[in-house]
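Listed below, chain by chain, are the residues.
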Amino acid sequence: QIYPRSFYDSNGDGIGDLPGVTEKLEYIASLGVDGIWLSPFFSSPMKDFGYDVSDYRDVDPMFGKLDDFKILVSKAHRLNLKVLIDQVISHTSDEHPWFKESSSSRDNLKSDWYVWADPKPDGTPPNNWLSIFTGSAWQYHQERQQYYLHNFLVSQPDLNFHNEEVRKANLENMRFWLELGVDGFRLDTVNFYYHDAELRDNPPILTEDQKNPAIPDTNPYTWQQHIYDLSRPENIQFIRDIRKLLDEYPGSTLVGEITDDYPLQRMAEYTQGTDRLHMAYTFDLLSSRSEPAYIRSIIQQFNKAAPRAWPCWALSNHDVMRSASRWGKDKDAEAYPLIILVMIMSMRGSVCLYQGEELGLCEAEVPFEKLQDPYGISYWPEYKGRDGCRTPMVWDASEYAGFSVAEPWLPVDKNHRSKSVELQNKSKDSLLSKVRGFIKWRSSQPALIQGSIHILDDTGDALCWVRTFNEQSIYIAINLTGSRITLSSPYDNLIVLEDSGLDGQLNGGDIVIPPYQGLFALIKPKEPASKFC
């Protein structure tokens, strides 16, 4: 994943841009990844940094021009990199022409393109729905004398997907980018498109396990069961419509972001069969929980709910604290970031790496006076927002980390400069070199790319599973702890795969895994017994 605003600044204004991404594509290709996902670069007033779109078919001048995007796609394809782009269609900016027309009266051609509702008799909002960004999800509009729905910022009004014209317009906007050569979409808040047409109140949560794992506990949003404001059953048909569009472009793919009270069940629902999303990811591994039993349970729950569906796993992105800090606090700062990437890349499914994750970047400290994120500003200091994971990519150890010649839009964390690409490129023992090596090795193992997964229970602090594809079966044991783990081998025919770069060993009938290490071993097929025995 590339967050363009923070990747590389090509024109010296302190903000990353599309030509900057193009300039650094060789670096991306050197990692051995298959493609890139670009966070929003569309025209926007940037109140939520591009997730408030004002023109779905153009590039914001901050990031360049449409021709710059075409050049980026062309070069990426020459480097055998696929290009996925964000589609933020559950809502628009309040500066989008659609909203300007819709809000001008109750009888214009787009009057029903957004979710409008009359006040209650006492003038209060239509129901109790809450915005993720604090307060009511409803904003009163003087000109229409009605409320409009906004699940996020007040400046992000929600589109009305019960309106057929809204659905058609969004599909045509996607077709525009597919015609320009994009290879698919990451669908932002993919389960937020539809709302309950009756506008029924959400009930309160009854138990702690009903809380949305993606939202900080300090946010009252977690106090409701989100039954009526998202994940409505009508959403599935629109997902099918999107899939039907992409099926016209062979090789294209859909990755959905799911934020839900029961994310794994929703992930299973949205990826089953061949007419929905190709992949989806939830916030289950983007939460603060990292104990082996929890990780094991997440994989098992998904396998049980959707055994044939294909997940996309992520440990970090532009919305959550970086995994090196969120999971790695008080852990070895060099070894732990590698082993958790090894872990996620050995699970069944695709993997999304977030820029800087391959360098082991920790969450940056951003002082309050430098904060840009409205979410963080609202909840400071209990929740510091998302700026700490969005600071500039560190290309070298200079003051601005080689990101720009000007002061960046967010400050460079001084602790990041010692982990720069330039410095890590010089050492074969660096995290960057090891990540490159593991990705390359992984690509040569069919079982790790396409194989099924069988979780081994009762392995304590070790995460153990078997990946199988055709004739190849690989036993995997991962140690996320700072202590050595010794396990009894579940198989008597294991052969250690030496080139994985990991230090786990076989010792007689035992498997010995040093701290923050792992073992990959081929399960050698047993010779069939002779018919003359």
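Placed above this text is the structure.
This section reports on the structure supplied with the text. None of the values given here were measured: they were computed from a predicted structure.

## Section: the overall build of the protein
A count of helices and strands for the protein gives 14 helices and 20 strands. Computed over the C-alpha atoms, the radius of gyration of the protein is 24 Å, within 12% of the 24 Å expected from 2.2 N^0.38 for a compact globule of 533 residues. Taken over 533 residues, the protein has a buried fraction of 59%. Counting every atom, the protein has about 21900 Å² of accessible surface; 49% of that belongs to carbon and sulfur.

## Quick word on the side chain of Arg390
Relative to the elements of secondary structure, Arg390 occurs in the loop between α11 (374-379) and α12 (421-425). With relative accessibility at 2%, the residue Arg390 sits in the buried group. Within polar-contact distance, the side chain of Arg390 engages the side chain of Tyr3 at 3.4 Å. Ignoring any residue separated from it by four or fewer positions in sequence, one finds Arg390 in contact with Tyr3, Ser6, Phe49, His318, Asp319, Tyr354, Trp409 and Leu410.

## Observations regarding the packing of aromatic side chains
By the definition in use, this model includes 36 aromatic pairs. Ring geometry for Trp129 and Trp138: centres 6.0 Å apart, planes at 25 degrees, overall stacked. The exposure classification of Trp129 matches that of Trp138, with both residues buried. Site record: aromatic cluster; members linked through ring pairs are Phe133, Phe152, Phe192, Tyr375, Tyr379 and Tyr383. Positioned above the aromatic ring of Trp409 is the side chain of Arg5, whose terminal nitrogen or guanidinium carbon lies 4.4 Å from the ring centre. A cation sits over an aromatic face here: Lys331 above Tyr336, 5.3 Å from the ring centre.

## Things to note about helix α10 (residues 335-345)
Counting buried positions along α10 yields ten of eleven residues, so the element is predominantly enclosed. Among all positions of α10, only Tyr336, Pro337, Leu338, Ile339, Ile340, Leu341, Val342, Met343, Ile344 and Met345 are buried.

## Quick look at unusual backbone geometry
With an omega of 0 degrees, the peptide bond running from Trp380 to Pro381 counts as cis. The topology assignment puts Pro381 in the loop between α11 and α12. Even without being a glycine, Thr189 presents a positive backbone phi close to 40 degrees. Take Thr189: its relative accessible area is 4%, and that puts it in the buried class. Even without a glycine there, the phi angle at Tyr516 is positive, about 55 degrees. Tracing the chain through its elements places Tyr516 in the loop between β19 (510-513) and β20 (518-523).

## A closer look at helix α7 (residues 263-271)
Within α7, seven of the nine residues are buried, which leaves the element mostly enclosed by the surrounding structure. Looking at the buried positions of α7, the neighbouring elements they touch are α6 (235-246), β10 (279-281), α8 (292-305) and β11 (312-314). In the segment just after α7, Gly273 is the residue with positive phi, at about 75 degrees.

## Observations concerning the environment of Asp9
Of note, Asp9 is situated in the segment before α1 (18-23). C-alpha separation for the pair Asp9 and Val21, spaced twelve residues apart in sequence, amounts to 8.4 Å. Sequence-distant contacts of Asp9, defined by excluding residues within four places in its chain, comprise Gly14, Ile15, Gly16, Asp17, Phe403 and Ser404. Engagement of the side chain of Asp9 in a polar contact is seen with the backbone nitrogen of Gly12, the distance being 3.0 Å.

## Quick word on the pattern of salt bridges
A full pass over the atoms with the stated rule returns 27 salt bridges. Where Arg175 meets Glu248, a salt bridge forms, and the shortest distance between an N and an O atom there is 3.0 Å. With a gap of 73 residues between them, Arg175 in helix α5 (residues 164-179) and Glu248 in the loop between α6 and β9 (253-257) connect regions that are remote in the sequence. Using a relative accessible area of 46% as the deciding quantity, one classes Glu248 as partly exposed. A salt bridge links Asp247 to Arg243; its shortest N-O distance comes to 3.2 Å. Taking the relative accessible area as the measure of exposure, Asp247 reaches 46% and is therefore partly exposed.

## Quick word on the pairing of β19
Pairing geometry for strand β16 (residues 485-488) and β19, over four bridges, is antiparallel. Residue Ser488 lies in a different strand from β19, and its bridge partner there is Asp510. Hairpin connection between strand β18 (residues 505-507) and β19: a loop of two residues separates the two successive antiparallel strands, and Gly508 in this loop has a positive phi of roughly 65 degrees.

## Quick word on the packing of α7 against α8
The relative placement of two packed helices comes down to the angle between their axes together with the axis-to-axis distance. Contact geometry of α7 with α8 gives a least axis separation of 9 Å together with a crossing angle of 35 degrees. The crossing of α7 and α8 is right-handed. When α7 is examined against α8, the residues Leu264, Met267 and Ala268 are found in contact with a partner set consisting of Ile298, Gln301, Phe302 and Ala305. Here the contact of α7 with α8 is built from residues that sort into six nonpolar, one polar and no charged.

## Re the environment of Tyr354
With respect to the secondary-structure elements, Tyr354 resides in the loop between β12 (350-352) and α11. When its relative accessible area of 0% is taken as the criterion, Tyr354 is described as buried. Along the sequence, Tyr354 and Ile2 sit 352 residues apart, while their C-alpha atoms lie 6.8 Å from each other. Beyond its immediate stretch of four places on either side in the chain, Tyr354 contacts Gln1, Tyr3, Ser316, Asn317, His318, Arg322, Cys389 and Arg390.

## Considerations on the sheet that holds β19
Strand order in this open sheet of three strands is β16-β19-β18, and the pairing throughout is antiparallel. Looking at the sheet topology across the chains shown, the edges are occupied by β16 and β18. The mean inter-strand angle of the sheet, taken between neighbouring strand axes irrespective of direction, is 30 degrees. In the sheet, β18 pairs with β19 via three bridges, with the strands oriented antiparallel.

## Looking at the packing of α5 against α6
Following both chains from N to C, one finds α5 and α6 inclined at 30 degrees, their axes separated by 11 Å at the closest point. Comparing the axis directions of α5 and α6 gives the class roughly parallel. α5 and α6 meet at a crossing whose hand is right-handed. Two secondary-structure elements touch here, α5 through Arg167, Asn170, Leu171, Met174, Arg175 and Leu178 and α6 through Phe238, Asp241, Ile242, Leu245 and Leu246. Within the contact of α5 with α6, the residues separate by chemical class into seven nonpolar, one polar and three charged.

About the thresholds
By convention here, each chain's residues receive numbers from 1 onward along its written sequence. Local features in this predicted model are restricted to residues whose pLDDT is 70 or higher, and side-chain atom pairs enter the listing and the counts only when it is 80 or higher, whereas totals over whole chains, interfaces and linings include all residues. Values reported for side chains reflect all heavy atoms of the structure, with hydrogen atoms and water molecules removed beforehand. Think of it this way: any DSSP run of H or I at least four residues long counts as a helix, any run of E at least two long counts as a strand, and we number them from the N terminus. The reference for a compact globule is 2.2 Å times residues^0.38; the radius of gyration itself is calculated from the C-alpha atoms. Burial here depends on accessible area, computed with a 1.4 Å probe over protein chains only, as a share of the maximum for the residue type. Under 20% is buried, over 50% is exposed, and the range in between is partly exposed. Computed by Shrake-Rupley with a 1.4 Å probe, the accessible areas treat only the displayed protein chains as cover when residues are assessed. Polar contacts, as counted here, are pairs of nitrogen or oxygen atoms within 3.5 Å of one another; within protein the pair requires one atom able to donate a hydrogen and one able to accept it, and residues that are adjacent in sequence qualify only if both atoms are side-chain atoms. The contact rule is simple, with two residues in contact once any of their heavy atoms fall within 4.5 Å. Centre distance within 6.5 Å is the pairing criterion for rings of Phe, Tyr and Trp, where only the six-membered ring of Trp is used; planes under 30 degrees apart are then read as stacked, over 60 as edge-to-face, and the remainder as tilted. Here, over-ring charges are defined by two tests on the NZ atom of lysine or the CZ atom of arginine: distance to the ring centre within 6 Å, and angle to the ring normal within 35 degrees. Salt bridges are defined by distance alone: a side-chain nitrogen of Lys or Arg within 4 Å of a carboxyl oxygen of Asp or Glu. When DSSP finds at least two bridges between two strands, those strands are taken to pair. Lines fitted to C-alpha atoms define the axes here, with helix axes fitted over just the stretch in contact, and angles between the N-to-C directions of these axes take values from 0 to 180 degrees. Whether a crossing is left-handed or right-handed is set by the direction in which the near helix is turned from the far one by less than a right angle, anticlockwise for left-handed and clockwise for right-handed. Here the term charged refers only to Asp, Glu, Lys and Arg, the term nonpolar to Ala, Val, Leu, Ile, Met, Phe, Trp, Tyr, Cys and Pro, and the term polar to all other amino acids, Gly among them. Here is the rule for angles: anything less than 35 degrees is roughly parallel, anything more than 145 is roughly antiparallel, 65 through 115 is roughly perpendicular, and the remaining ranges are oblique.

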